[in-house]
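So you can see what is in the structure, the chains are spelled out below.
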Amino acid sequence: MMNGNALHTLKALDPAGGSQVHASPTDRERLLANVLNTSRPAPGPAAGLLRRWRWPLAGVAVATSLAVAVSTYTLFGPNAQPAQAMTPPPLRYAPGSESPRAVLERLAVVALKDTSRVPAGSSLYLKHQGWALSTRIGQIQVTSAIVPSERETWKKADGSMRWKQRTLPPRFQNAHDEEVWSDAGAVGEDPQFTEDATGPVNANDPLNRPAPEEPRAMGKWLLASQEYAGTAEAFDSVAAHNLDELWNGRQRAAMLRFLATRTDVTYRGKVTDRAGRAGQAVSVDSAYGGLPTKYTLILDESNGKVLAYEEELTTTAGALNVKVPSVISYFCFLTARVD
Amino acid sequence: MVIPIDDEQSYTDSYRLHFAAVESYIRRRVNADAAPDVVAEVFTVAWRRWHEAPRERLLPWLYGVARLTLANAYRDERRRAQLAGSLAEVTAEHVADHAADVTERLAVAAAFDGMNPADQEVLRLDIWEGLPPRDAAVVLGCTTAAFHVRLHRARRRFRQAVTTATEPFPAQQEVLAAEWGAR
C-alpha cells in the first residue's frame, strides 16, 4: 500500500530537515577563522594523481588549470618565475615492430610466472619519484627548473596511510636555465619536507578492494572511478593505483591483458625511464584532460610491473606557455613491497 | 583535472555559500551531537586540500571530502545516525499524526536503516541532497552511468525492504504506531 510512496515518505524523513543551518552565525565565523589559521601542506605530484583518480572530472581543461597556476605565482608569488615553463626532456624511445597486443600478452605471460602473493593483512611500503608541471614548492609554481619529489608511503591493511615527501635537487637543461632559476629565487635549492596521514578507508567501497585478477573485471574496476571509459583514463587509473598498491602477478597480467583489448593502445618501443630502468612502453593519445596528450606506461620486461608513467602534450599547449611536445608529468614507481 | 583555488577569499566565499549544504549532508549521516565536530573536520580537510578543489563542481567535491571524513567518523558506531531514532524524536513532537502515517514512516525508516551502506548513500544523494546523477557520481567517484545503475538498484531494494518491513508483522507495526500516537 505504501510502497509507491515510500520514496516520498523517505524524502520527508530528511534528518537534516531541509537545508536550514543549525550552527549559529557566530559559530560559523569562529570555525572559519580557526580553519584559515591551520596550515596547508604544499600539494605534491602524488596527491595530484590520486586526486584525479578519486575525483575524476572529465571535461575540465587542464590548460586552464595549469595556466592559472603558472600565472598566479608568476604575478603574485614572492619569487618571480619565468612564464615559459621548463619541462623535462622527452624519453628516447626505440620503436619496435611488434604489435601492442603481442607485447602486452608477452608481458602478461611473464607476469603470471610470479606466483607470490601479498599475505592478507600485510602492511606495505612504497616509494616513487615524480614531477608535474602544476607542482608547487612552498606554494610557488617553479617554472625555471625541474624540481621532482620523492615520496615514501607506509600503508596499513585497513587502508590508512602515512607518507613523507621531499623535494629532490633541481634539474636544469643548461647553465642558462640554472641562472634563470637562480635569479628567480632558487626555489627548491633547500629540500622541502612534508608529511601527512590518512585514516582507514571505507571497505565497502569497491575501489578499495584488491585489484581483480581477471582482465574484464580489472578493466571495469580501473574505469569505475572515471567518468568516461577511455583507454587514457585506464592508464591514469593504473598509475594512480600503483602509487599505493602492490599488485601480484595475476593482477598485473589482468591489467596487461585488459589493455591488450584496447585498440587505441600503441607500442612505443623500448625505453629507459628516468630512474635508469629499461622497459617496454605502450601509449595512448587522448584529449580527455582538455588538451591532446600522450599517456605512456613503461613496463618491466622481466615481470610486467609498472615502472613509470608519463604524460606529454602532443600538438598544442592551449593556454599553457610551454612548447609542444612537452612532458607535463611523470612518475617513477621505485619500490612496492610488504613492510 | 582541477583548477587551483588557493586564496583565502575564494575559500571564505565558498565556505559561506556551501556551509548549510555540507552541514545538512553530515546531519543526515551522523547523530546530531557528533555533527558539529565532523563539520569542522570536513572544512579543515577541505582547506588543506583546497588546491584540489574543482571550481565547477565545488559542492560535490565538498560532499566527497565529507564522505571520506565520515568514513573515518564511522569507526565509532555510536556516531552513526539511525533514521528510526530520528523518526522517534520527530514523531514524539507530532502527537496528532495519524497512526497510519506513523506506521508508514516507521516501516520506511526501518527499511532504510536495514539497507547496506552503499545503497543508503545512493538514496541519500538522490533524495535528500537532490544531486543530479552527474554530480552524485562525482561524490561517489563513479561514472554517471554507474550511478544510474546503482540508483535503480537501490530504489528497487528499498521498495523490497519497505514491503518486507510492512508485511510480516503488520500487527506489530500497528501497535508501534499506536504507541507513538499516544505520546
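What counts, and at which threshold
Residues numbered from 1 in each chain as written. Chains lettered and ligands numbered in written order. Predicted model: local features only at pLDDT ≥ 70, side-chain atom pairs only at ≥ 80, totals over all residues. Heavy atoms only, no water. UniProt positions renumbered as here; feature names shortened; annotations may be inferred. Helix = DSSP H or I, 4+ residues; strand = E, 2+ residues; numbered from the N terminus. Contact = heavy atoms within 4.5 Å. Areas by Shrake-Rupley, 256 points an atom, 1.4 Å probe, with all protein chains shown as cover. Phe/Tyr/Trp six-rings, centres within 6.5 Å; stacked < 30°, edge-to-face > 60°. Lys NZ or Arg CZ within 6 Å of the ring centre and 35° of its normal. Buried < 20%, exposed > 50% of the residue type's maximum accessible area, 1.4 Å probe, protein only. Core = buried A, V, L, I, M, F, W, Y, C linked by side-chain atoms within 4.5 Å. Domains from an automatic or database assignment. Polar contact = N/O pair within 3.5 Å; in protein donor to acceptor, adjacent residues only side chain to side chain. Axes fitted to C-alpha atoms, helices over the stretch in contact; angles between N-to-C directions. Parallel < 35°, antiparallel > 145°, perpendicular 65-115°, else oblique. Nonpolar A, V, L, I, M, F, W, Y, C, P; charged D, E, K, R; others polar. Salt bridge = Lys/Arg side-chain N within 4 Å of Asp/Glu carboxyl O.

An unreviewed UniProt entry annotates chain B as DNA-directed RNA polymerase sigma-70 factor originating from Streptomyces finlayi. On record in UniProt, under Sequence similarities (unreviewed entry), the comment for chain B is "Belongs to the sigma-70 factor family. ECF subfamily."

A. Representation of the overall build of chain A within the structure. A count of helical and extended segments in chain A gives 9 helices and 11 strands. Relative to all contacts within chain A whose residues are 6 or more apart in sequence, the contacts with residues 24 or more apart total 68%. For chain A, the accessible area works out to roughly 14,600 Å², and carbon and sulfur atoms hold 53% of it.

B. View of the packing of aromatic side chains. Scanning the entire structure with this criterion turns up 12 aromatic pairs over all chains. Ring-pair connections join several aromatic residues into one group, and the members of that group are Tyr11(B), Tyr15(B), Phe19(B), Phe43(B), Trp47(B), Trp50(B) and Trp61(B). The side chain of Arg151(A) reaches across the aromatic face of Trp163(A), ending 4.1 Å from its centre. Here Arg268(A) stacks its cationic end above the ring of Tyr93(A), 3.8 Å away from the centre of that ring.

C. Representation of the side chain of His18(B). All names here are of chain B. As for its placement among the helices and strands, His18 is situated in helix α1 (residues 8-27). Judged by its relative accessible area of 13%, His18 falls in the buried class. For His18, the residues in contact, after removing those within four places along its chain, are Phe43, Leu58, Leu59 and Leu62.

D. Local environment of the nonpolar core. Judged by nonpolar contacts, the single largest core of 57 residues is most densely connected at Tyr11(B), Ile26(B), Phe43(B), Leu123(B) and Phe158(B). Counting only domains with at least three residues in this core, you end up with domain 1 (8-78) and domain 2 (83-181) of chain B. Filtering out sequence-adjacent residues up to four positions away, Phe43(B) remains in contact with Leu31(A), Val35(A), Tyr11(B), Tyr15(B), His18(B), Phe19(B) and Val22(B). Counting 37 residues, the second-largest nonpolar core is a separate cluster that includes Leu107(A), Ala234(A), Ala254(A) and Met255(A).

E. A look at helix α7 (residues 215-223) of chain A. All names here are of chain A. The complete set of buried residues in α7 reads Met218, Gly219, Trp221, Leu222 and Leu223. Along its buried surface, α7 packs onto α8 (231-244) and α9 (249-260). Measuring from the side-chain oxygen of the N-cap residue of α7 to the backbone nitrogen of Arg216 gives 3.1 Å; that N-cap residue is Glu214.

F. Quick peek at the packing of α7(A) against α8(A). Residue and element names in this part refer to chain A. Across the interface, α7 lies against α8 with an axial gap of 9 Å and an inter-helix angle of 85°. Considering their axes alone, α7 and α8 lie roughly perpendicular with respect to each other. Contacts between α7 and α8 pair Trp221, Leu222 and Leu223 from the former with Glu233, Ala234, Ser237, Val238 and His241 from the latter. Class assignment for the residues of the contact of α7 with α8 results in 5 nonpolar, 2 polar and 1 charged.

G. Quick peek at the pattern of salt bridges. Applying the stated criterion across every chain yields a total of 23 salt bridges over all chains. Here Asp339(A) makes a salt bridge to Arg337(A), at a shortest N to O gap of 3.7 Å. Judged by its relative accessible area of 52%, Asp339(A) falls in the exposed class. Judged by relative accessible area, Arg337(A) falls into the partly exposed class, the value being 40%. Between Glu129(B) and Arg29(B) there is a salt bridge; the shortest N-O distance is 2.8 Å. Here Arg29(B) lies in the loop between α1 and α2 (35-48) and Glu129(B) lies in the loop between α6 (117-128) and α7 (133-140), a separation of 100 residues in the sequence. Residues participating in the shared-partner salt-bridge network are Asp14(A), Arg28(B), Arg29(B), Glu121(B), Arg124(B) and Glu129(B).

H. Broad picture of the environment of Arg268(A). Residue and element names in this part refer to chain A. Among the secondary structure elements, Arg268 is positioned in strand β7 (residues 266-272). Look at Arg268 and you get buried, because its relative accessible area is 18%. The spacing of Arg268 and Ser99 is 169 residues in sequence and 9.8 Å in space, taken between C-alpha atoms. Aside from chain neighbours lying at most four places away, what touches Arg268 is Tyr93, Ala94, Pro95, Ala281, Val282, Ser283, Lys294, Thr296 and Glu312.

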